[in-house]
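# What the coordinates show
The residues making up each chain are set out below.
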There are 2 protein chains.
Amino acid sequence: MSRSTTPHGRTGRPRRTSRAEILEAARRLIDRDGWEKLTIRRLAGELGIGATTLYHHVRNKGDLLVQLLNDHAGQAERPTLPRDPRERVIAAATAMHDTLAAWPWAAEVLTTDGFLGLLDESALWTVETIVGGAIEAGRTPEQAVVAFRDIWYYTVGEILVRAHSGREQAQAESIPRHEIDFTRFDPARVPHLAAIADQWPALAAHDTYPQGLRALVDGLLFSECPGS
Amino acid sequence: MSRSTTPHGRTGRPRRTSRAEILEAARRLIDRDGWEKLTIRRLAGELGIGATTLYHHVRNKGDLLVQLLNDHAGQAERPTLPRDPRERVIAAATAMHDTLAAWPWAAEVLTTDGFLGLLDESALWTVETIVGGAIEAGRTPEQAVVAFRDIWYYTVGEILVRAHSGREQAQAESIPRHEIDFTRFDPARVPHLAAIADQWPALAAHDTYPQGLRALVDGLLFSECPGS
DNA sequence: ACCTGAACACCGTTCAAGT
DNA sequence: ACCTGAACACCGTTCAAGT
């Protein structure tokens, strides 16, 4: 009982670096320098410890990311869900989207079909809500799973495209981002692109996720002409 | 006229490494070792030249990928397009999808909103066809661009998720892919997931791109109850 | 039980020099 | 005009050793 500060009752050298400290430092690093800069070595530097010490707290870099992700998902607040199944599916998908959009690196980690196995329940309520809503809308469980995956594909695609677009000025353009030369379009070969050329940049700036989501949900779950 | 073998009429040391050779070696490397292994250094090794020599033919790694991508897109054959606008949009999106699915790294490169500026016309016909089809279906040019982008998000998401899932055995799982433990789902908290748990792996194996695409296209372009 | 430096096997990219 | 080795500033990860 003389060591009430070591809860596990372990003996030996007291740990100087906690899981919470590591995740906090990682978040600080991401917020300050961008998530591309989150490396094992830099994180160790941020913590003031040797790079190799980190491997006593984290299995590898992937493990670090998964821990960070679950922590992030756990902190996001759950919206109140509408009764109507269509609106409920949309609310859940939007919550999923917004949580990931705030931390685009998470989407990168989650581009894995087995990603479900890595999430804890604080993040899984979105999946549950979408599948449940689809079933309530009259789909079979199989169709509901397919609907979830299609919504997932759309969501992750939107986030990744936007995340990579956003790094424009942040990164010293490794892929040359020469402004799109729309005048180059040959009206004879690509007439619609040529006609729309000058409006494209303005249109590309819009956030079209919500409309696209509604279209996808309607097509997946309510294709028999919504008339209620 | 004494140097008809140097078409540009240049003088000096003849080039030993051509653009075609570089792209061919890169393809060989990708096919043999996987695209994660395509590095400037390995590619140079494959060609039997110094890594730094490559920088006389390629601006940087991003430039190499874009060249490879345009080359790949140029070789893909164009399907005959249906007259019906819905089927035409779907055919174009599917062609886009299939071309990228064969080379998933391309999708990674293309997760950039400015990607259009990097493609040449052999790849742009899909964009043109989708935008044109949407307009023919009665959408405004603005809506047509939004529709294209939503289809693009869905397509790129599907490919990236599948590409990263496929590396399961290829890569020494850096992110732990412990088989999803579906029994862990608490029926009280995630009832639908718990109920569907045992069927999930089988459902996840299915290719749902075509159905999802149809749903999205219907929702985007034909939401006013298709009854023709 | 916890932390460490040195080392391994890599990256992309630049620069001054060679032919 | 083309090609080169050496070097710079990084990676993730492992291992034997220290406290």
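These numbers come from a predicted model, not from an experiment. (Residues numbered from 1 in each chain as written. Chains lettered and ligands numbered in written order. Predicted model: local features only at pLDDT ≥ 70, side-chain atom pairs only at ≥ 80, totals over all residues. Heavy atoms only, no water.)

## Examining the overall build of chain A
- On a plain count of helices and strands, chain A comes out with 10 helices and zero strands.
- In chain A, the succession of α and β elements from N to C terminus is α-α-α-α-α-α-α-α-α-α.
- Looking at chain A residue by residue over its 228 residues, the buried ones come to 47%.
- Pairs at least 24 residues apart make up 69% of the contacts formed inside chain A by residues separated by at least 6 positions. (Helix = DSSP H or I, 4+ residues; strand = E, 2+ residues; numbered from the N terminus. Buried < 20%, exposed > 50% of the residue type's maximum accessible area, 1.4 Å probe, protein only. Contact = heavy atoms within 4.5 Å.)

## Some points on the packing of helix H4 (residues 85–102) of chain B against helix H6 (residues 121–136) of chain B
Residue and element names in this part refer to chain B.
- In the contact formed by H4 and H6, the axes pass within 9 Å of each other and the chain directions differ by 160°. One way to sum up the angle between H4 and H6 is to call them roughly antiparallel. Relative to H6, H4 is oriented so that their crossing is left-handed. Every residue of H6 that contacts H4 at Pro85, Arg88, Val89, Ala92, Ala93, Ala95 and Met96 is listed here: Trp125, Thr126, Thr129, Ile130, Gly133, Ala134 and Glu136. (Axes fitted to C-alpha atoms, helices over the stretch in contact; angles between N-to-C directions. Parallel < 35°, antiparallel > 145°, perpendicular 65-115°, else oblique. Left-handed = near helix turned anticlockwise from the far one by under 90°.)

## Notes on the packing of aromatic side chains
- The full count for this structure, using the stated rule, is six aromatic pairs over all chains.
- Summarising the aromatic geometry, the rings of Tyr153(A) and Tyr154(B) are spaced 6.3 Å apart at their centres and angled 55° between planes, so their arrangement reads as tilted. Taken together, the residues Tyr153(A) in helix H7 (residues 141–166) and Tyr154(B) in helix H7 (residues 141–166) connect one chain to another.
- Looking at Tyr154(B), the relative accessible area reads 0%, which means it is buried.
- Ring centres 5.2 Å apart and planes at 15° place the aromatic pair Tyr154(A) and Tyr209(A) in the stacked group. One end of the pair, Tyr154(A), is in helix H7; the other, Tyr209(A), is in helix H10 (residues 209–221), with 55 residues separating them in the sequence.
- Overall, Tyr209(A) belongs to the buried group, its relative accessible area being 2%. (Phe/Tyr/Trp six-rings, centres within 6.5 Å; stacked < 30°, edge-to-face > 60°.)

## Focus: the pattern of salt bridges
Residues and elements named next belong to chain A.
- Tallying each qualifying case throughout the model produces 18 salt bridges over all chains.
- A salt bridge links arginine 28 to glutamate 46; the shortest N-O distance between them is 3.0 Å. Taken together, the residues span a long stretch of sequence, with arginine 28 in helix H1 (residues 19–33) and glutamate 46 in helix H2 (residues 40–47) at a distance of 18 residues.
- In this structure arginine 28 comes out as partly exposed when scored by relative accessible area, which is 36%.
- Given a relative accessible area of 24%, glutamate 46 falls into the partly exposed group. (Salt bridge = Lys/Arg side-chain N within 4 Å of Asp/Glu carboxyl O.)

## Some details on the side chain of His97(A)
Residues and elements named next belong to chain A.
- Structurally, histidine 97 is set in helix H4 (residues 85–102).
- Classification of histidine 97 by relative accessible area gives buried; the value is 6%.
- If we ignore the near neighbours within four places in the chain, the residues touching histidine 97 are Thr155, Glu158, Ile159 and Tyr209.

## Side note on the confidence of the model for chain A
Residues and elements named next belong to chain A.
- Averaged over all residues, the pLDDT of chain A is 81; the fraction at 70 or higher stands at 79%.
- Here residues 1–10 scores under 50 on pLDDT; set against residues more than four positions off or in separate chains, the count is three contacts.
- Between residues 168–179, whose pLDDT stays under 50, and residues either more than four places distant or in other chains, the model counts 14 contacts. (pLDDT = per-residue confidence, 0-100.)

## Quick look at helix H2 (residues 40–47) of chain B
Residue and element names in this part refer to chain B.
- Ile40, Leu43 and Ala44 are the residues of H2 that are buried. In an axial view of H2, the angular spread of the buried residues amounts to 100°, which keeps them on one side of the axis. Opposite the packed face of H2, turned more than 90 degrees from it, sit the exposed residues Arg41 and Gly45.
- Where the residues of H2 are buried, they touch helix H1 (19–33) and helix H3 (61–75).
- Two residues or fewer after H2 comes glycine 48, characterised by a positive phi angle close to 75°. (Arc of directions from axis to C-beta.)

## Some details on the UniProt feature "DNA-binding region" (unreviewed entry) in chain A
- The sites that carry the UniProt feature "DNA-binding region" (unreviewed entry) are, in the present numbering, residues 39–58 of chain A.
- For residues 39–58 of chain A, the helix share is 40%, the strand share is 0%, and the end-to-end C-alpha distance is 13 Å. (UniProt positions renumbered as here; feature names shortened; annotations may be inferred.)

## Observations concerning the environment of His192(A)
- Tracing the chain through its elements places His192(A) in helix H8 (residues 191–196).
- Contacts of His192(A), omitting those with residues within four sequence positions, involve Glu128(B), Val131(B), Gly132(B) and Ile135(B).

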